There are 2 protein chains.
Amino acid sequence: MQGNDIEKLIKIIAKLPALGARSARRIVLHLLKKKDASLLPLIDALQNVADNIKKCPICGNFDTEEPCAICADASRDTELVCVVQDVADLWAMERVGLYKGQYHVLGGILSALDGITPEDLNIESLFSRLNQGQIKEVILALPATIDGQITTHYLLSRLKEYPLKVTTLAQGLPLGAELDYMDDGTIQLALSARKEI
Amino acid sequence: MQGNDIEKLIKIIAKLPALGARSARRIVLHLLKKKDASLLPLIDALQNVADNIKKCPICGNFDTEEPCAICADASRDTELVCVVQDVADLWAMERVGLYKGQYHVLGGILSALDGITPEDLNIESLFSRLNQGQIKEVILALPATIDGQITTHYLLSRLKEYPLKVTTLAQGLPLGAELDYMDDGTIQLALSARKEI
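Going along each chain's sequence as written, the residues are numbered from 1 onward. All chains are assigned letters beginning with A, and all ligands numbers beginning with 1, in the order in which they are written. Local features are withheld for residues below a pLDDT of 70 in this predicted model, meaning they are given only at 70 or higher, and side-chain atom pairs are given and counted only at 80 or more; totals for whole chains, interfaces and linings count all residues. Excluding hydrogens and water, the side-chain values take into account all heavy atoms of the structure.

Note on backbone geometry: most residues besides glycine have negative phi, and most peptide bonds are trans. All names here are of chain A. Residue Pro 67 is reached from Glu 66 by a cis peptide bond, and omega for that bond is 0°. Comment: elements are numbered from the N terminus, with helices defined as DSSP H or I runs of at least four residues and strands as E runs of at least two. Its place among the elements puts Pro 67 in the loop between β2 (62-63) and α4 (69-72). Of note, Ala 18 is a non-glycine position whose phi angle comes to about 75°, a positive value. Within the secondary structure, Ala 18 sits in the loop between α1 (4-14) and α2 (21-33).

Below, the structure written as structure tokens:
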């Protein structure tokens, strides 16, 4: 019989993304066996995050500082803002390390199916930033899905009123792709956007 | 840029069993977004477990009580002890709900490769329990692997000195098995242990 505290912990962990009952049991058992090396440091790290992490009021990123380290970094280009769906996408961009501008996290994308309207997203705050007049280019780095494209087009139609350069990420074959394994849509896209070399 | 506290938490979570960097990032983002619904309850549950869980001095199970709820349960058969490799196996047996005896968790199995000797396992405490004379049957429910069989045979050789019934779990085709998909060893085993019906 698993103690009630253990069962409760397993249930909570099983609900986390990418996990289920079996992996939750494995994780809890690991934590129970390595209390000092694993369980206590995990509690500390979670508590630290719970105590200190705030959502950046400017861009929507999570950080211990307010505004976040990216918005506060004087070495970054303040004329460039990259619009992303989620903080995870911001993290992905930062892992690449190429981009040195600002971000704006929408917190989702428009979705007729899920009933997500512009009011549900951090869109007005984007235009408030644009109204300050410092930003010269907006990069729309939204997902290459139908909902992503709809969101891109919605933003594009509103961005037309601003004297801005608006760009989106290039689409085509991903690195290492074999044609045989790619979907038809991507091949069509890559073909119609072909470049002379 | 991920705040340092967030990066630290991601690193700790990525080291848990069945997880990696990508799933750790997903989990941390989920926790950040749902602080009240997910992060704080998780911290509470972990802290509860860290504060209250003890290893049962009799059987090696984890529980909030000492001895554990199974060892303390007067309705369970004290003449029967089931020897398992790990607490996870005890949990698996309990999920089935059929077994109503005691357990003994070895905390591992003998392994020449990993240098695990009888001294590394909770084997002496098993014989201490047997020496008290109440136990009438020992069920060796160890893994159906080479190391599991070696451990079973080692225990069997030492259990011979006791006036006990010693049993092991039956081996053969698992439920729902198709012969075509089973390994040769299992088919051999199932064939040689065939039963008249």
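After presenting the structure, the write-up continues.
A word on the packing of aromatic side chains. Each aromatic ring pair is described using two quantities: the centre-to-centre distance and the angle formed by the ring planes. All names here are of chain A. Only the six-membered ring of Trp is used, alongside the rings of Phe and Tyr, when aromatic pairs are assigned; centres must lie within 6.5 Å, and planes under 30 degrees apart are stacked while those over 60 apart are edge-to-face, with the rest tilted. Overall, the coordinates contain 4 aromatic pairs over all chains when judged by the stated rule. Pairing Phe 127 with Tyr 162 gives two aromatic rings, centres 5.6 Å apart and planes at 35°, and the pair type is tilted. With Phe 127 in helix α6 (residues 124-131) and Tyr 162 in the loop between α7 (146-159) and β6 (165-168), this pair connects stretches of sequence that are 35 residues apart. Taken individually, Phe 127 and Tyr 162 each receive the classification buried, so the pair is uniform in this respect. Consider the ring centre and the ring normal. A charge sits over the ring if Lys NZ or Arg CZ is within 6 Å of that centre and within 35 degrees of that normal. Residue placement shows Arg 158 over the ring face of Phe 127; its charged tip is 4.1 Å from the ring centre. Classification of residues uses two cut-offs on accessible area relative to the type maximum, computed with a 1.4 Å probe and protein chains only: under 20% is buried, over 50% is exposed, and between them is partly exposed.

Time to look at the domain arrangement of chain A. You can read the domains of chain A as domain 1 (4-52) and domain 2 (75-196). The split of the chain into domains comes from an automatic or database domain assignment. The gap between the C-alpha centroids of domain 1 of chain A and domain 2 of chain A is 35 Å.

This paragraph deals with the interface of chain B and chain A. In this complex, chain B contributes 51 residues to the contact, which on the side of chain A involves 51 residues. Salt bridges are identified by distance alone: a Lys or Arg side-chain nitrogen within 4 Å of an Asp or Glu carboxyl oxygen. Across the pair Lys33(A) and Asp86(B) runs a salt bridge whose closest N-O atoms are separated by 2.5 Å. At the level of elements, α1 (4-14), α2 (21-33), α3 (35-52), β2 (62-63), α4 (69-72) and α5 (87-96) of chain B are the ones that each hand at least two residues to the side of chain B that touches chain A. Sorting elements by how many residues they give to the side of chain B that touches chain A places α3(B) first, with 14 residues. Amino acids are sorted into nonpolar (Ala, Val, Leu, Ile, Met, Phe, Trp, Tyr, Cys and Pro), charged (Asp, Glu, Lys and Arg) and polar (every other residue, Gly among them). In the side of chain B that touches chain A, the residues fall into 32 nonpolar, 10 polar and 9 charged. Note on contacts: a residue pair is in contact if any heavy atoms of the two residues lie within 4.5 Å.

Now for the packing of helix α3 (residues 35-52) of chain A against α1(B). Structural elements are reduced to axes, namely lines fitted to C-alpha atoms, with helices fitted over the stretch in contact, and the angle between N-to-C directions of any two is expressed from 0 to 180 degrees. Contact geometry of α3(A) with α1(B) gives a least axis separation of 9 Å together with a crossing angle of 150°. Comparing the axis directions of α3(A) and α1(B) gives the class roughly antiparallel. For α3(A) against α1(B), the interelement crossing comes out left-handed. Judged by residue contacts, Pro41(A), Leu42(A), Ala45(A), Leu46(A), Asn48(A), Val49(A) and Asn52(A) of α3(A) engage Asp5(B), Ile6(B), Leu9(B), Ile12(B) and Ile13(B) from α1(B). In terms of residue class, the contact of α3(A) with α1(B) is built from 9 nonpolar, 2 polar and 1 charged. To sort the angles, those under 35 degrees are grouped as roughly parallel, those over 145 as roughly antiparallel, those from 65 to 115 as roughly perpendicular, and the leftovers as oblique. Left-handed describes a crossing whose near helix is turned anticlockwise from the far helix by less than a right angle; the clockwise case is right-handed.

A separate point is the pairing of strand β3 (residues 80-84) of chain B. All names here are of chain B. Counting buried positions over the 5 residues of β3 gives 5, a clear majority of the element. By the alternation rule, side chains of β3 split into Leu 80, Cys 82 and Val 84 and Val 81 and Val 83, which are all buried. Judged from the 4 bridges that link them, β3 and strand β5 (residues 137-140) form a sheet pairing that is parallel. Note that in β5 the partner of Cys 82 across the bridge is Ile 139. Two strands qualify as a pair provided that DSSP identifies no fewer than 2 bridges between them.

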